[in-house]
Amino acid sequence: MAFKRSGSRKLVYKKTLSKHTASKKKRAGKKIRKSVFRAVSGVDQIITDGVFSKVQYQVEELDLNNEYNSSTSTFTPKQRGVYSLLASVSFTTITLTPVRMDLEIRVNGVPRISDEENFEPRTGQIDAAGIIQLMARDRVEVFARATGENGIILSGFATRFEGARIN
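Every residue gets a number counted from 1 within its own chain, in the order that chain's sequence is written. This being a predicted model, a pLDDT of at least 70 is required before a residue's local features are given, and a value of 80 or more before pairs of side-chain atoms are given or counted; all residues contribute to the totals for chains, interfaces and linings. Only hydrogens and water are set aside; all other atoms, that is, all heavy atoms of the structure, feed into the side-chain values.

A. Representation of the pattern of salt bridges. Any Lys or Arg side-chain nitrogen found within 4 Å of a carboxyl oxygen on Asp or Glu counts as a salt bridge. Counting across every chain of the model gives nine salt bridges. For Arg-38, the salt bridge goes to Glu-61, with nearest N and O atoms at 2.5 Å. Of this pair, Arg-38 sits in strand β3 (residues 36-41) while Glu-61 sits in strand β6 (residues 59-63), and the two are 23 residues apart along the sequence. Here Glu-61 falls in the partly exposed class, since its relative accessible area comes to 38%. We note a salt bridge from Arg-160 to Glu-162, for which the minimum N-O separation is 3.5 Å. One network of salt bridges, in which partners are shared, links Arg-38, Glu-61, Arg-160 and Glu-162. Labels follow the DSSP assignment, with helices taken as runs of H or I lasting at least four residues and strands as runs of E lasting at least two, numbered in each case from the N terminus. Accessible area is worked out with a 1.4 Å probe on protein chains only. A residue is then buried under 20% of its type maximum, exposed over 50%, and partly exposed in between.

B. A look at the pairing of strand β9 (residues 81-93). Across the 13 residues of β9, 11 count as buried, placing the element largely inside the fold. DSSP bridges decide pairing: two strands pair if at least two such bridges lie between them. Bridging between β9 and strand β12 (residues 123-134) involves 12 bridges; their strand directions are antiparallel. Within the sheet, the bridge partner assigned to Ser-88 lies in β12 and is Asp-127. Bridge analysis of β9 against strand β15 (residues 156-165) gives five bridges, and the strand direction is antiparallel. Each bridged residue has a counterpart across the sheet, and for Tyr-83 the counterpart in β15 is Arg-165. The pairing of β9 with strand β14 (residues 151-153) spans three bridges and is classified as antiparallel. Following the sheet pairing, Thr-92 is matched in β14 by Ile-152.

C. Representation of the environment of Asp-115 in the model. Note on placement: Asp-115 falls in strand β11 (residues 110-119). You can call Asp-115 partly exposed: its relative accessible area is 21%. The spatial distance from the C-alpha of Asp-115 to the C-alpha of Glu-104 is 6.7 Å, given a sequence separation of 11 residues. Beyond its immediate sequence surroundings of up to four residues, Asp-115 is in contact with Met-101, Asp-102, Leu-103, Ile-126, Asp-127 and Ala-128. Here, residues are in contact when the closest pair of their heavy atoms is within 4.5 Å.

D. Representation of the nonpolar core. Membership of the largest hydrophobic core comes to 29 residues, with the highest contact counts inside it found for Tyr-57, Leu-85, Val-89, Met-101 and Phe-161. Secondary structure elements with two or more residues in this core: β3, β9, β10 (99-107), β11, β12 and β13 (140-147). Only buried residues count toward a nonpolar core. Its members are Ala, Val, Leu, Ile, Met, Phe, Trp, Tyr and Cys residues joined through side-chain atoms within 4.5 Å.

E. Spotlight on unusual backbone geometry. Positioned with a positive phi, Asn-108 is a non-glycine residue whose angle comes to about 55°. Along the chain, Asn-108 turns up in the loop between β10 and β11. Residue Asn-108 is classed as partly exposed on the basis of its relative accessible area of 45%. For Arg-137, which is not glycine, the phi dihedral falls at a positive 75°. Within the secondary structure, Arg-137 sits in the loop between β12 and β13. Residue Arg-137 is classed as exposed on the basis of its relative accessible area, which comes to 68%.

Below you can see the structure in the form of structure tokens.
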């Protein structure tokens, strides 16, 4: 704020805004919706030995900003930001053959978060989680691969895909 003298010797009050104050007011007027989603697998899914398969999470349990598409099992954020993502797969194999499982969370087709584990028993669970910067309209999907034998991704709460914008 500043006081200026006009020509007739009156004090005139003029309020000046800094760039910081002005940009803060612009942001205050724009409401940012929360972004949270969670989906689980509704049916068992066969995966072929050595081939990455898109994991299907058809049962949408939560989607605050209408960003998750259960028919394509794809999360598409409406706003850029920092997101926490988690994908998990519960699986079984047909025989007792050891199997290596790979799980990837891909953004626009590129693996960005992944995990790889070796399993001796017939059943197991693998998850991949991380914090990542996403842009509006990025396509986020989950892919899994079993190496050593064909497998079955089991439906239920242990096979889930979820995320939330944290900033």
